[in-house]
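# Close look at the chain arrangement
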Amino acid sequence: MKRLLVIRLGALGDLIHVSPSLEAVKRANLQMEIHLLTSPTYQVLAEMIPAVDRVWAFDKRQGWSGLFRLARQLRQAGIDGVVNLHPSFKSWLLTRLIAPEKAATYRKEKLKSKGKAQRAVSRRHAVADFFLPFSQLLAIAQPTELIPVLALPEASTSLPFPHKPYGEQWVGLIPGVGAKRSNRAWEPAAYGGLIQKLLLKPGVKVLLIGGPDEKVLADSLLTQLSNMAEAKERLENHCGRHDIPGTARLLAQCDLVIGGDTGPMHLAAAIGAKLVAIYGPTSLQRTGPISHGAMAALTPPDGLECWPCELPECPYTGEQHLACMRQISVDAVYTACESLLR
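Model, not experiment: these values are computed from the prediction.

### What to know about the overall build of the protein
When you go through the protein residue by residue, the secondary structure sums to 13 helices and eleven strands. The C-alpha atoms of the protein give a radius of gyration of 21 Å, which matches the 20 Å a tight globule of 342 residues would have. With the C-alpha coordinates aligned to their principal axes, the bounding extent of the protein is approximately 65 × 45 × 40 Å. When the 342 residues of the protein are sorted by exposure, 51% land in the buried category.

### Let's talk about the packing of aromatic side chains
Counted under the stated rule, the structure contains four aromatic pairs. For the pair Trp64 and Phe89, a centre-to-centre distance of 5.8 Å together with 70 degrees between the ring planes defines the contact as edge-to-face. Taken together, the residues Trp64 in helix α3 (residues 63-76) and Phe89 in helix α4 (residues 89-98) connect sequence positions 25 residues apart. According to the relative accessible area criterion, Trp64 is partly exposed, its value standing at 41%. By way of ring pairs, the aromatic residues Trp64, Phe89 and Trp92 are connected into one cluster. Positioned above the aromatic ring of Trp307, the side-chain terminus of Arg119 is 3.9 Å from the ring centre.

### Details of the sheet that holds strand β4 (residues 81-84)
Read across the open sheet, the five strands follow the order β3-β2-β1-β4-β5; overall the sheet is parallel. The open sheet has two free edges, formed respectively by β3 (54-57) and β5 (103-105), since each of these has just one partner strand. The average angle at which neighbouring strand axes cross in this sheet is 15 degrees, direction not considered. The pairing of β4 with β5 spans three bridges and is parallel. Looking across to β5, one finds that Val82 is bridged to Ala103. Across the face of the sheet, helix α1 (residues 12-28) comes into contact with β1 (3-7) and β2 (33-38) while running at roughly 165 degrees to β2.

### What about the layout of surface pockets?
Computed from the structure, the second largest pocket encloses a volume of approximately 170 Å³. Along its surface, the second largest pocket is lined by Leu9, Gly10, Ser39, Thr41, Tyr42, Phe58, Lys60 and His86. Residues belonging to the lining of the second largest pocket are distributed by class as follows: three nonpolar, four polar and one charged.

### Some details on the pairing of strand β7 (residues 204-208)
Burial of β7 is extensive: five of the five residues sit out of reach of the surface. Neither face of β7 is exposed, since Val204, Val206 and Leu208 on one face and Lys205 and Leu207 on the opposite face are all buried. With five bridges connecting them, strand β6 (residues 169-173) and β7 associate as parallel partners. Within β7, the position partnered with Gly172 by the bridge is Leu207. On the question of chirality, the crossover connecting β6 to the parallel β7 by way of helix α6 (residues 188-199) is right-handed.

### Brief notes about empty space enclosed by the protein
Throughout the structure, instances matching the rule amount to two cavities of 30 Å³ or more. Computed from the structure, the largest cavity encloses a volume of approximately 80 Å³. As for the largest cavity, its lining consists of Asn183, Pro281, Cys306, Trp307, Cys309, Cys314, Pro315, Tyr316, Gln320, Leu322, Ala323 and Cys324. For the lining of the largest cavity, the class distribution of residues is ten nonpolar, two polar and no charged. Space inside the second largest cavity adds up to approximately 30 Å³. Ile16, His17, Pro148, His266, Ala269, Ala270, Pro289 and Ile290 are the residues that line the second largest cavity. Put simply, the parts of the chain that give the lining of the second largest cavity at least two residues each are α1 and α10 (263-270). Residue composition of the lining of the second largest cavity, by class: six nonpolar, two polar and no charged.

### Some remarks on the nonpolar core
One broad trend across soluble globular proteins is that nonpolar side chains are buried collectively. Of all hydrophobic cores here, the largest spans 51 residues; its most connected members are Leu22, Leu45 and Leu267. Listed by contribution, the elements that provide at least two residues to this core are β1, α1, β2, α2 (43-46), α5 (126-138), α9 (244-252), α10 and β10 (275-278). Ranked by the residues each element gives to this core, the list is headed by α1, at seven residues. For Leu45, the contacting residues outside a window of four places in its chain are Leu12, Leu15, Ile16, Leu150, Ile244 and Leu267. If you look at the next biggest cluster of nonpolar residues, it comprises 37 residues, including Leu235, Val276, Ile278 and Leu298.

Reading the values: rules and limits
- Sequence positions are assigned chain by chain, starting from 1 and proceeding in written order.
- The predicted origin of the model limits local features to residues at a pLDDT of at least 70 and limits the giving and counting of side-chain atom pairs to 80 or more, whereas totals for whole chains, interfaces and linings rest on all residues.
- To obtain the side-chain values, all non-hydrogen atoms of the structure were used and water was disregarded.
- Numbering goes from the N terminus for both helices and strands, where a helix is a DSSP run of H or I of at least four residues and a strand is a run of E of at least two.
- As a reference, a globule follows 2.2 Å times the number of residues to the power 0.38, and the radius of gyration itself is taken over C-alpha atoms.
- Exposure classes here rest on a 1.4 Å probe applied to the protein chains alone. A residue is buried below 20% of its type maximum, exposed above 50%, and partly exposed in between.
- The aromatic pairing rule takes the rings of Phe, Tyr and Trp, using the six-membered ring of Trp, and pairs them if the centres are within 6.5 Å, calling planes under 30 degrees apart stacked, those over 60 edge-to-face and the rest tilted.
- Throughout this description, the term charge over a ring refers to an Arg CZ or Lys NZ atom that lies within 6 Å of the ring centre and within 35 degrees of the ring normal.
- We call two strands paired when DSSP finds no fewer than two bridges between them.
- What counts as an axis is a line fitted to C-alpha atoms, over the stretch in contact for a helix, and the angles between N-to-C directions run from 0 to 180 degrees.
- Contacts are assigned to residue pairs that have any heavy atoms within 4.5 Å of one another.
- For each structure, a 1 Å grid was placed over the protein atoms alone; sets of points admitting a 1.4 Å probe that cannot get out are labelled cavities, open sets with protein on both sides within 12 Å along at least five of seven lines are labelled pockets, and lining residues have an atom within 4 Å of a point.
- Grid points are joined across faces, edges and corners, and a volume is the space filled by probe spheres set on the points.
- Polar here means any residue other than Ala, Val, Leu, Ile, Met, Phe, Trp, Tyr, Cys and Pro, which are nonpolar, and Asp, Glu, Lys and Arg, which are charged; Gly is therefore polar.
- With its strands directed away from the observer, a crossover is right-handed exactly when the path from the first strand over the helix to the second travels clockwise.
- Residues belong to a common nonpolar core when they are buried Ala, Val, Leu, Ile, Met, Phe, Trp, Tyr or Cys residues joined through side-chain atoms within 4.5 Å.

Listed below in structure tokens is the structure:
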């Protein structure tokens, strides 16, 4: 096998979790070219993965004619093996059109139980789950460590960053989790309380970081803290202002990054930032950030039976609604932040 195609159309966190497998393949097969097929949104992220030799982009809006045209181009490029990490009918068909005899497909490990019972069950992390089809197809052993690493680009199309004065500590705060699965987000009021505590520390500046989906949320935090003098001087909204490489470069300048289970948090992990991760409905064991940097993880109290559920929406109402996130206190998160900033 000379040219391996890896199919993963998104999302941001998943592509980052695939990167250690590509590094392992490249180390085991130095002469093999690794081609990565993703969606146009994540093409720039794929180009930050050091092991990738060529990035292909496919927009689902191109339809069936676009898919067959892509298959023809991939055959002409000499692709002779496929690892399909995005199981769907189109990716299955593309695999059949290119290299049906030399292919492996990703199968996500299912949740064996929910809530408190799940915490006692040993479960593969997503990075190990993604490695399995590579192991099956190429007969390579899983490395001792599978840790995402990205190469920071020299430049990006982002707006200019603020100047970081000597001695100032930057805290990157990721207040949202994107448009989907909003139950993974800590409450805005809790983030507001945390920001107040952080800004009372001399020399600390808080940067709100995220995509366009988080801009409204970040603006509401600015309004919530508008009467605080320190917020006017040392609180900035960068949500929606930077592309993915620019966001990575901004996160790399932060002394600490705080957030939940979302793509920018995994981006921060991959560039080695110090992290405070706030997890409720999703499992740290399954999708927690993996990094060479220091990390503190905050989860709900053990007495709460329902976490992790990994459901897209909280099934409870009233006081139980989003209890997993609401029971993670501002004081607990601030203590973790203070320890890592010290």
